[in-house]
Structures are given as C-alpha cells and as structure tokens.
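Coordinates in review
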Amino acid sequence: MKKILFLTTSPTVDGNGDALTSAAMKEAQSAGGQVDLVNIREKNIGFCKACYGCRETGVCIQQDDFQAILSLAHEADAIVCTAPIYYNCMAAQMLTVINRLCCTFACKTHKLGPKKKAAFMLTCTGSEVDEMIRHVKNITTLPSIARTIAGEKTEVFTSCVSSDTCAQSERYLARAREIGRWAAE
Amino acid sequence: MSKKVLVLAGSPRKGGNSDLLCDAFMKGAQEAGHETEKIYIEDLKIGGCRACYACRGTGVCFQKDDMARVLEKMIAADMIVLATPVYFYSLSGQLKTLIDRTLPGYTKIRDKDFYFIATAAAGKAMIERTMDAIEGFTDCLPGAKVKAKIYGAGFYKPGEIAGSSVEKETYELGRKA
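We now turn to the structure provided with this report. (Residues numbered from 1 in each chain as written. Chains lettered and ligands numbered in written order. Predicted model: local features only at pLDDT ≥ 70, side-chain atom pairs only at ≥ 80, totals over all residues. Heavy atoms only, no water.)

1. Some words on the overall build of chain A
Scanning chain A from terminus to terminus reveals 7 helices and 6 strands. Taking 16 Å as the expected radius of gyration for a compact globule of 185 residues, we find that chain A reaches 16 Å, a close match to that expectation. For chain A, the C-alpha atoms occupy an extent of roughly 50 × 35 × 30 Å along the three principal directions. Looking at chain A residue by residue over its 185 residues, the buried ones come to 59%. Summarising the internal contacts of chain A: among those between residues at least 6 apart in sequence, 78% fall at separations of at least 24. Of the accessible surface of chain A, which amounts to about 7,900 Å², a share of 52% is contributed by carbon and sulfur atoms. Side chains of chain A give 21 positive and 19 negative charges; the mean places of these two sets differ by 7 Å. (Helix = DSSP H or I, 4+ residues; strand = E, 2+ residues; numbered from the N terminus. Rg over C-alpha atoms; globule rule 2.2 N^0.38 Å. Buried < 20%, exposed > 50% of the residue type's maximum accessible area, 1.4 Å probe, protein only. Contact = heavy atoms within 4.5 Å. Areas by Shrake-Rupley, 256 points an atom, 1.4 Å probe, with all protein chains shown as cover. Lys, Arg positive; Asp, Glu negative; His and termini not counted. Charge placed at Lys NZ, Arg CZ, Asp CG, Glu CD.)

Structure follows, in structure tokens:
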C-alpha cells in the first residue's frame, strides 16, 4: 500500500486548492493508497534562518510544526502539493515550507526514506502554464531534492477567477483525480 | 535630483552576502545624493497573504501588522532593491511573503526602477532561476523597469562577498542609479 502525503498551502478554506486536493485524495484512497493530509494554513511554520543548525542532526532548531510534516514526508511514497500562484510564483506559504528542507542538503547523513513521486497542482488566474511548470522544475532539480524524486507531475489550473472555479469544473477535477491515481500506483 | 531608494533585504542573515551587496548599493546611492532606507524583512512581522480579497474595495489589508508601512514606502519610493539569498533555486520565503502582501496596493507601485540582488554558493545560471521568480512580481507592476540584476555567484560562507568584484560593481550601480 502506497503512503501519500497531501500538502495544501492555499490559505482559502474550501477554495480551489481544497477542491483539487479533495478530489485527488479520494481517488488515491479508492486506488488503495493510505493518505495523510496537512493543511499548512493550520500550522505554524517559521522561516528558514539559514543558521545550519540542522547540519549535524538533520533537525531544525525551530520548535514548530515543520518536523512532524518532514517525518510524514520521509515515510511517504508520494507527495502531492497544492499551491496557489501569486505574482507568477508559488505562494510564500509553499516556498517557506520548501526553504525549510535545508536539512536535506546541509546534513550529509540525512535520511529521505523511499524514493518518492512528487506532484504539484498549481492554481492561478493568468500565469503562463509552461513558465509555472518550469518554476517547479527549477526547484525539484536541486540535487538534494532530485535524488529522492522517482517521478514528477505538475498540473497548472488556469483561469481560477473565483474560489469555486475548480469545484465547478469537471475537467479540472478529473485532472486532479488523475494525479491522485498516479500517486497511488 | 535626489531619489528615494528602498532596499528590501530578504535574507535572515544580517551581514550575510546579499545583505553586504545591499549595503554596497546603498553606499553608492548615498554618495550620488539619494535618500536610502533598508528594511530587514526578518525583523518585521508580516503574515502570509490570506487571499481573502478583503482589500479589494478598501485597498487595506485586514491583517494589522508591519506590511501596511512597507507598502506605503514601496509606493513612495523611486527605486526599489529586492534582495534575497537563493533558496532551492527560488527566493526566500521572507521576501515572497512580503511580495504576496503587496496585493492591496500593487497597482500603485508604479513606474519604479528595480534592482535585483541574489546570492548563492551556486553559479550564475542557477541564480538566473531566482531572478526569474522575482521578475514574475515586477512583471505585474505598471511601468516597472528592471535596471540591473546583480548576481553574487559562488559565495557560500556568510559575508565572504566582502571585497569582491561584484561588491564593487554593486556599489557602482548604486552610484549611477
């Protein structure tokens, strides 16, 4: 049974990110996956201080919710992230989580668990799809992350002009389900 | 003519490499007679944008934190320096949090000259990705001109950029700004 971590970074309750996450998660469950859901908006995650306090232990000096999420990420066979695009770049909430992965390169003995599939579902109004996919690839090709990625998919959901655009679009929900199925395979 | 230069320093390290380049730019700009101010984002309290659009009619965010003051300064400035270390080939969460929170007034950040500073242990090609991500923001601002992108490539230890040629070039850019 595959373990799948769903990580949502949208601040909007029941918004586009939640609709996509929920569709993907149900699909992953019905495909036999064991799912965990973390809503970053409910968590306290500090900014990386670039102090390299994690260098020896792999554990951040900040006592916040990050370490528990990192443990789930380590155990996972797939991680599905949802993020809104603000100003042609993933929301600060997502970048802040990614920044905190400092231990993956600072600590040479850091264990990353099984190789993982990584999926991103990005919601935006008018950003260029190819450009947004490139932005994600820019991050996931960092060697310390790339070494643990077994497969990658990014879906960009454009024209999200209202918070229920995705919930109302069968086409968008189908794409989210496809991601869920892929993650559980 | 004296201009207002606002430097938004997005590194958590005071005296770190991107911060030293901010100082070099400011020194040059001051010598050219400009008025400069540096804001350490790390020192401020700025919550993430909640995408609630409560600001749509009012132009004011419901979150009562330090961002209202920063946004006013951005609107009042003639030149804005955006500085960040390269984290995961993108920008710091600190700087992106500030950028996201410009939503109530980004259309008023009009006709500004922008300078980008990004520093990393990696080479220039990798830093280009970070520049790209920052430019995603200025692309959304009316009349924004990106005057220069300053690449602090190949610096790993905090502060080791001091005395480098890129530090001198940054000072010169400030002086000619």
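2. Overview of the interface of chain A and chain B
Facing 35 residues of chain A, the contacting portion of chain B comprises 30 residues. Counting the surface lost from both chain A and chain B, the interface buries some 2,600 Å², and carbon and sulfur atoms represent 56% of this. When the area that chain A buries against chain B is broken down by residue, the three leading residues are A:Phe47, A:Tyr87 and A:Asn99, summing to 27%. Our count for the chain A to chain B interface comes out at 2 salt bridges. Ionic pairing is found between A:Lys49 and B:Glu42, a salt bridge with its closest N-O pair at 2.7 Å. Mapped onto the side of chain A that touches chain B, the elements with two or more residues apiece are strand 4 (89-90), helix 3 (92-99), helix 4 (103-106), helix 5 (129-140) and helix 6 (143-146) of chain A. With 6 residues, helix 3 of chain A is the single largest residue contributor to the side of chain A that touches chain B. Looking at the side of chain A that touches chain B residue by residue, the class counts come to 20 nonpolar, 10 polar and 5 charged. (Buried area = accessible area lost by both parts, 1.4 Å probe. Salt bridge = Lys/Arg side-chain N within 4 Å of Asp/Glu carboxyl O. Nonpolar A, V, L, I, M, F, W, Y, C, P; charged D, E, K, R; others polar.)

3. Points about the pattern of salt bridges
All names here are of chain B. The tally for this structure, following the rule as stated, stands at 19 salt bridges over all chains. For glutamate 31, the salt bridge is made with lysine 27, and the minimal N-O distance between the two is 3.7 Å. Here the residue glutamate 31 and the residue lysine 27 both occupy positions in helix 1 (residues 17-31), the gap between them amounting to 4 residues, near one helical turn. A salt bridge links arginine 101 to aspartate 65, with the nearest nitrogen and oxygen atoms 2.8 Å apart. Taken together, the residues span a long stretch of sequence, with arginine 101 in the loop between helix 4 (93-100) and strand 4 (113-120) and aspartate 65 in the loop between helix 2 (55-58) and helix 3 (67-76) at a distance of 36 residues. Comparing arginine 101 with aspartate 65 shows no difference in burial state: the two are buried.

4. So, unusual backbone geometry
All names here are of chain A. Although it is not a glycine, aspartate 14 adopts a positive phi angle of roughly 60°. Position of aspartate 14 relative to the elements: it lies in the loop between strand 1 (3-8) and helix 1 (16-30). Even without being a glycine, alanine 50 presents a positive backbone phi close to 55°.

5. Remarks on the packing of helix 3 of chain A against helix 4 of chain B
It is the contact of helix 3 of chain A with helix 4 of chain B, at a shortest axis distance of 8 Å, that shows an interaxial angle of 175°. Relative to helix 4 of chain B, the element helix 3 of chain A lies roughly antiparallel. Here helix 3 of chain A contributes A:Ala92, A:Gln93, A:Leu95, A:Thr96 and A:Asn99 to the contact with helix 4 of chain B, which in turn contributes B:Gly93, B:Gln94, B:Lys96, B:Thr97 and B:Asp100. (Axes fitted to C-alpha atoms, helices over the stretch in contact; angles between N-to-C directions. Parallel < 35°, antiparallel > 145°, perpendicular 65-115°, else oblique.)

6. Quick word on the nonpolar core
Residues A:Met90, A:Leu122, B:Leu8, B:Met74 and B:Leu82 are the most contacted members of the largest nonpolar core, which totals 75 residues. In this view, A:Met90 contacts A:Ala83, A:Pro84, A:Ile85, A:Leu95, A:Ile98, A:Phe120, A:Leu122, A:Val136, A:Ile139 and B:Lys96; residues no more than four positions away in its chain are not counted. In this structure, A:Val35, A:Met121, A:Phe157 and A:Ile179 belong to the second largest nonpolar core, which totals 23 residues. (Core = buried A, V, L, I, M, F, W, Y, C linked by side-chain atoms within 4.5 Å.)

7. With respect to the packing of aromatic side chains
The tally for this structure, following the rule as stated, stands at 7 aromatic pairs over all chains. Measuring from centroid to centroid gives 6.3 Å for A:Tyr52 and A:Phe105, while their planes differ by 65°, and the two rings are edge-to-face. Of this pair, A:Tyr52 sits in the loop between strand 2 (34-39) and helix 2 (66-75) while A:Phe105 sits in helix 4, and the two are 53 residues apart along the sequence. What makes A:Phe105 partly exposed here is its relative accessible area of 31%. Between A:Tyr87 and B:Tyr106 the ring centres are 5.5 Å apart and the planes differ by 80°, which places this aromatic pair in the edge-to-face class. Of this pair, A:Tyr87 sits in the loop between strand 3 (78-86) and strand 4 while B:Tyr106 is found in the loop between helix 4 and strand 4, placing the two residues in two different chains. (Phe/Tyr/Trp six-rings, centres within 6.5 Å; stacked < 30°, edge-to-face > 60°.)

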